Each structure stands twice: as structure tokens, then as C-alpha cells.
Amino acid sequence: MGTLFKNGTIITASDMIQADVLVEGEKVTLIGSNIDSKGHEVVNCKGKYLMPGGIDVHTHLDLSFGGTYSNDDFDTGHKAAAFGGTTMHIDFAMQPKGGSLHDALKIWRKKAELAQVDYSFHLGITDLRDEVMDEIPTLADEGITSLKLFMAYKNVFQIDDKTLYRAMQQAAKHGMIVMVHAENGDVEEQLRLQLLSEGKTDPIWHYYSRPPEIEGEATNRAVVMSGMTGCSLYVVHMTCDPAIEAMRRGRAQGFPVMGETCVQYFHVTRDKHLGAPGFEGAKYVCSPPIRNLHEQGTLWQAVKDGTLQAVSTDHCDFWYEGSVGPWQEWSKAHNGGDWAEFEAQDPTYRRPGKDLGKGDFSKIPNGLPGIEDRMMVMWHLGVNGGKISPTRFVELNCTNPAKIFGMYPRKGTISVGGDADIVVWDPKKSHTISAKTHHMRVDYNLYEGMKVKGMPTQVYLRGKKVVDGDNWYGSNGSGQFIARKPYAPVL
Ligand code: URP
Ligand code: ZN
Ligand code: ZN
């Protein structure tokens, strides 16, 4: 017996067609008109769209960062993702100090034991020693085909130009893609120290420590290196004109360069949100910083004209009101200690959050929530707002992420033989986004009060229903690691 999705309209990156979809086991086995329903469970999709499950290729679950850990893990973050129509994500497994890339994988595989939806890892390189260089080709054998390097976060994740260049040379040889966080971390450090020395400590100064120029400069540097090495490049969370212009120049020269922006950059602004009175602006501190209405126009143009290929979330959420003291004390007493062990003692304990940066913007953990909201907000602002078509919506949120990161057509579309990750989407259903009702483990929502029209009503992961309305049917361990292929196309 299969599951037969009847009377819906399938949206792929290229078409909207009325057809039935038959799912048997984990796969789509037939697409056609009037498929005989005998022996199958029928899901009536009249008036609904059938879309491939969303793929968010930029998330940070349970990441040790900014003096704390991001809140959502592979349990809570996965449920939240699925309630928003996202059935797969790629997280960044970060190389630990002094450790190997396989050490990073070990740590992230442990976190992923909780997985409720499908996932993969990008490998975040922080220290490219010779033996680490030799490890790179072995990653592809394990289904990991993307590396990430940070050109910012001085003394934390930042690498130098030589490291980036060498990583690109090695990745190019093995058909892997290099991703960069593009901001000039040296200039950022100088600006930050200068601002703090002038007593400029409120959240809004975070913006002025990371102006568009430092994003544009670093983007250009990475784009040029991609042209020189022939390595596919994917620039994450692009936000502003100088960066988009660098991307356009590289693409016009035929370099293998691509980029994404994130959903939050289409909504929150420096002036209204980051500049909110008191400490409120801390809720919106992320890097690169939230920009303004002008940049929103730039980004819509870039996703429309193909300068950018994908929209992700950079989901990395921290409590607005966390708990600053207890973990630090415990960790001191236990000589560093193990975070999981500490948390297990008191499940109601809140990780330290944005409040770490009261009185000093540079200590506010960088990152925002969004894994649940991406599809609904992009549909609402993009499709309902007349900016992008439904097919482009699917392309940006599902199909291109799968193509760029080597898992198409298994993921990212609805086609015979592909995984049955299917979102039943009701374009007429409205929902008011709120921290009171969302599933993310965080005490605020960037889109609080936004009334979106269009949302998932049911979500299937490899043929199994995980979401039906407000009900959750997934379980820990039901999410699978998805092995990816090298030599993915440049779009
Ligand atoms: O502010 C951000 N973006 N935090 C997450 C880490 C990163 O830079 O992607
Ligand atoms: Zn980043
Ligand atoms: Zn990120």
C-alpha cells in the first residue's frame, strides 16, 4: 500500500502541474493523471500545492559560539524546521582547536543522534595543517563535499588568505565546493576596538563595526580566488551592494561563483530593529549585520536575476533572556566540563544568550532564529508580494540547494525515484507568526505579529508523515544522514 496525493498542483523549479503523486516506501514511484487509488491511502490535496521539502543549507544547531551554545539542537531544531516545511538541512561541523576534520564529524554525528529530519554536514575548517589538508579528499568518500571557511571572527574561526587559497586548490582537485563567510575580520577588529574605546557599546554599534565595505571587500577576495583556482565558491549570507556587485563581476567573468542570502535580510532592518531602544536591538545581532530597506531591494533583484541562487536561514538562535551565571561557574569548577552533562542536571536551565553582551555589543552572541519561518516568510513576502513566482520560490528554497550541494534529484524536487519529501501547502491558510506558538527553542521571533498567508498543512519525510496541522509524528533517529556527491553543477 502506498500514499496517493490526489488533486493537488505540483510545484517544481520549472513547472506547476496538476497531477497525482504516488509514494511507495520512501520514494515517489508514479506521477500522473487519475492514478487508481485502489489499495492506497489517499491524501486529498484539492486546492493545495505539493512542493518538495525545503532544504536549508545554512544552520548552526547546538554550536559552541560567543561564550555559549546556540539553543536549538537536532531535536528541537528539526521539529521546528519540519513544522515550517523544511525536511533537510546542512549544518556546519566545526573543526575543534587542535583537532582534525574527523574529530569535528565525530562531535556532530553525536549531536545528530537526535535527528528527526534529514541532514548533512559542511566541514568548517579552522586550522589547515598539512595533515588536515590530506584529510580533505577523504571527506568525499563519506558523502561530505563542501568546506566552509570564515574570513571573519578574528581569534575564533577566522583563517588567513593563504589558508583559503590552499583549501580552494585542494577542493577544486576533488570536485568539492568551498563556502565562505565573507567579511574582513581584521578591519572588523580594528573598527570594533575603536568603537568600544569611544564608549559606543549599544547593540546598534555592531552594525558600524561591520559596514558593507568589509563584506564587499572579502566577497571580492574570495571571488577572485575562485577564478584563480577554478574552485566552486558559495558565499553565504550576502547582504549588501558591494558584495552583490563582486558576485556579479565574478559571474560575468565566468568564475564558478554562487551565493545565498537569508530570509531575515528581507524583513528586519538596522534602523527599526537593531537600533531599537535599550538592549532590545540585541535580538537582531548577527553577522553580517542586518541592513536597511535599500539592501532589501538589492537582494530581491539578486534573487530574481539569478545573481543569488538560494535562500537559507543561518539559523543560530540564542535566548534573549538566557542565564548567564551557572554554566560559567560549573565549567570553572569542572575544569571546562561537558556542556551536555551540565545541562542534563536541570532540563529547565537556559543557556546564556544575548544577555552576555549587556554593556558591550561585541559580547552579544551573533546569530538569529529562522529555521521554522523561512518557507512561510519567503512565500508571503516573495510570492504573495509579487517579487518571485512559485516556481522560483521552489528553486531558491529546495531545488538549487540540492543541486549545488550534490544531492539532486534525490532531494529538492518531486520526481519519480526521488525521496518522498513532500510538503502539502495551503496557499489560502493564514497564520500569525509568534514566539508564543513557534516550535523553535527561543524566546522571541524576528517576524512577531507577521500575518503570513500560505503554509504547510502536512509534511512528509521520505514517505512518512511527520507533521499534520499542529501534530508531530516524527521521532528521534528518524532523520537520516544524506551522503552527497562531488562535482556538483555551478548554477
Ligand atoms: O551571526 C551569525 N551569522 N551567526 C552564526 C555564525 C555565522 O557567521 O554564520
Ligand atoms: Zn557566517
Ligand atoms: Zn552561519
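The structure we're discussing is the one just above.
Description of the structure in this document. From a predicted model like this one, the values you see are computed outputs, not experimental measurements.

What to know about the coordination of the zinc ion (ligand 3)
Here is step 1: Around the zinc ion (ligand 3), the donor atoms from the protein are H58 (NE2), H60 (NE2) and D314 (OD), and they sit 1.9 to 2.1 Å away.
Here is step 2: Here the zinc ion (ligand 3) binds four donor atoms, and the angle range of 85 to 135° at the metal identifies the geometry as irregular.
Here is step 3: All donors of the zinc ion (ligand 3) belong to a single chain; written as a sequence motif, their spacing is H-x1-H-x253-D.
Here is step 4: The metal-metal distance between the zinc ion (ligand 3) and the zinc ion (ligand 2) is 3.7 Å. With H58 in strand 8 (residues 54-59) and D314 in the loop between strand 17 (310-312) and helix 11 (325-333), this pair connects stretches of sequence that are 256 residues apart.

Regarding the packing of aromatic side chains
Here is step 1: The full count for this structure, using the stated rule, is 21 aromatic pairs.
Here is step 2: With a centroid separation of 4.9 Å and an interplanar angle of 35°, the aromatic rings of F150 and F157 are classed as tilted.
Here is step 3: Seen from the ring of F92, K148 lies directly overhead, with NZ or CZ sitting 3.9 Å from the centre.
Here is step 4: When the ring centre of Y408 is taken as origin, the NZ or CZ atom of K403, which lies over that ring, is 4.9 Å away.

Observations regarding the coordination of the zinc ion (ligand 2)
Here is step 1: At the metal site, the zinc ion (ligand 2) is ligated by H181 (ND1) and H237 (NE2), and these contacts range over 2.0 Å.
Here is step 2: One can describe the donor arrangement at the zinc ion (ligand 2) as irregular, given that its four donor atoms subtend angles of 58 to 151° at the metal.

Things to note about the sheet that holds strand 3 (residues 16-18)
Here is step 1: If you trace the seven strands from one edge of the open sheet to the other, you get 3-2-7-18-19-20-21, paired in mixed fashion. The open sheet has two edge strands with one neighbour each: strand 3 and strand 21 (471-472).
Here is step 2: Of the pairings in the sheet, the one linking strand 2 (residues 9-11) to strand 3 comprises three bridges and is antiparallel in character. From the neighbouring strand, I11 faces strand 3, where its bridge partner is M16.
Here is step 3: Strands in contact with helix 13 (residues 374-384) are strand 2, strand 7 (49-52), strand 18 (422-432) and strand 19 (451-461); relative to strand 19, the strand with the most contacts, it is inclined by about 130°.

Let's talk about the side chain of K48
Here is step 1: With respect to the secondary-structure elements, K48 resides in the loop between strand 6 (41-44) and strand 7.
Here is step 2: One buried charged residue, K48, forms no salt bridge at all, with the nearest opposite charge on D426 at 4.7 Å.

A word on helix 14 (residues 390-404)
Here is step 1: If you check helix 14, its first and last C-alpha atoms are 20 Å apart, about what 15 residues at 1.5 Å a residue would give, namely 21 Å.
Here is step 2: The largest bend in helix 14 comes to about 45°, at L396.
Here is step 3: With 13 of 15 residues buried, helix 14 lies mostly within the body of the structure.

Remarks on the site of ligand 1
Here is step 1: Ligand 1 sits among 13 residues. The nearest are Y153, H181, S287, D314 and N366.
Here is step 2: Measuring from an oxygen atom of ligand 1, one finds a side-chain N or O atom of H58 at 3.5 Å.
Here is step 3: D314 is positioned such that a nitrogen or oxygen atom in its side chain is 2.6 Å from a nitrogen atom of ligand 1.
Here is step 4: Protein contacts shield 100% of the accessible area of ligand 1, which totals 260 Å² for the unbound molecule.
Here is step 5: Considered class by class, the residues forming the shell around ligand 1 number five nonpolar, seven polar and one charged.

Here we look at the packing of helix 2 (residues 101-111) against helix 3 (residues 130-141)
Here is step 1: At their nearest, the axes of helix 2 and helix 3 sit 9 Å apart, and the two run at 50° to each other. Classified by the angle between their axes, helix 2 and helix 3 sit oblique to one another. Facing helix 2, whose interface residues are L101, H102 and L105, helix 3 presents V132, E135, I136, T138 and L139.
Here is step 2: For the contact of helix 2 with helix 3, a count of residues per class yields five nonpolar, two polar and one charged.

Some points on the environment of D56
Here is step 1: One can find D56 in strand 8.
Here is step 2: Overall, D56 belongs to the buried group, its relative accessible area being 0%.
Here is step 3: For D56 and D317, which are 261 residues apart along the polypeptide, the C-alpha to C-alpha distance reads 15 Å.
Here is step 4: Those residues in contact with D56 that sit more than four places away from it in its chain are T86, M88, H89, I90, S312, T313, I371 and R374.
Here is step 5: Only 3.2 Å separates the side chain of D56 from the backbone nitrogen of H58, close enough to count as a polar contact.

Concerning the nonpolar core
Here is step 1: Ranked by size, the top nonpolar core spans 127 residues in total, and within it L147, L164, V178 and Y234 carry the most contacts.
Here is step 2: The contacts of V178, once residues within four sequence positions are left out, are L147, L149, L164, A167, M168, A171, C231, S232, L233 and Y234.
Here is step 3: Counting residues in each nonpolar core, the second largest holds 14 residues, with F5, V28, C45 and A420 among its members.

Here is what the cut-offs are and how they apply
- Residues numbered from 1 in each chain as written.
- Chains lettered and ligands numbered in written order.
- Predicted model: local features only at pLDDT ≥ 70, side-chain atom pairs only at ≥ 80, totals over all residues.
- Heavy atoms only, no water.
- Donors = N, O, S within 2.8 Å, 3.2 Å for Na, K, Ca; no water.
- Tetrahedral: all angles 85-135°; square planar, octahedral: opposite > 155°, others 65-115°.
- Helix = DSSP H or I, 4+ residues; strand = E, 2+ residues; numbered from the N terminus.
- Phe/Tyr/Trp six-rings, centres within 6.5 Å; stacked < 30°, edge-to-face > 60°.
- Lys NZ or Arg CZ within 6 Å of the ring centre and 35° of its normal.
- Pairing = 2+ DSSP bridges.
- Contact = heavy atoms within 4.5 Å.
- Axes fitted to C-alpha atoms, helices over the stretch in contact; angles between N-to-C directions.
- Buried < 20%, exposed > 50% of the residue type's maximum accessible area, 1.4 Å probe, protein only.
- Lys, Arg positive; Asp, Glu negative; His and termini not counted.
- Salt bridge = Lys/Arg side-chain N within 4 Å of Asp/Glu carboxyl O.
- Expected span 1.5 Å × (residues − 1).
- Bend = angle between axes of the 7 residues up to and from the residue.
- Near = heavy atom within 4 Å.
- Polar contact = N/O pair within 3.5 Å; in protein donor to acceptor, adjacent residues only side chain to side chain.
- Areas by Shrake-Rupley, 256 points an atom, 1.4 Å probe, with all protein chains shown as cover.
- Nonpolar A, V, L, I, M, F, W, Y, C, P; charged D, E, K, R; others polar.
- Parallel < 35°, antiparallel > 145°, perpendicular 65-115°, else oblique.
- Core = buried A, V, L, I, M, F, W, Y, C linked by side-chain atoms within 4.5 Å.

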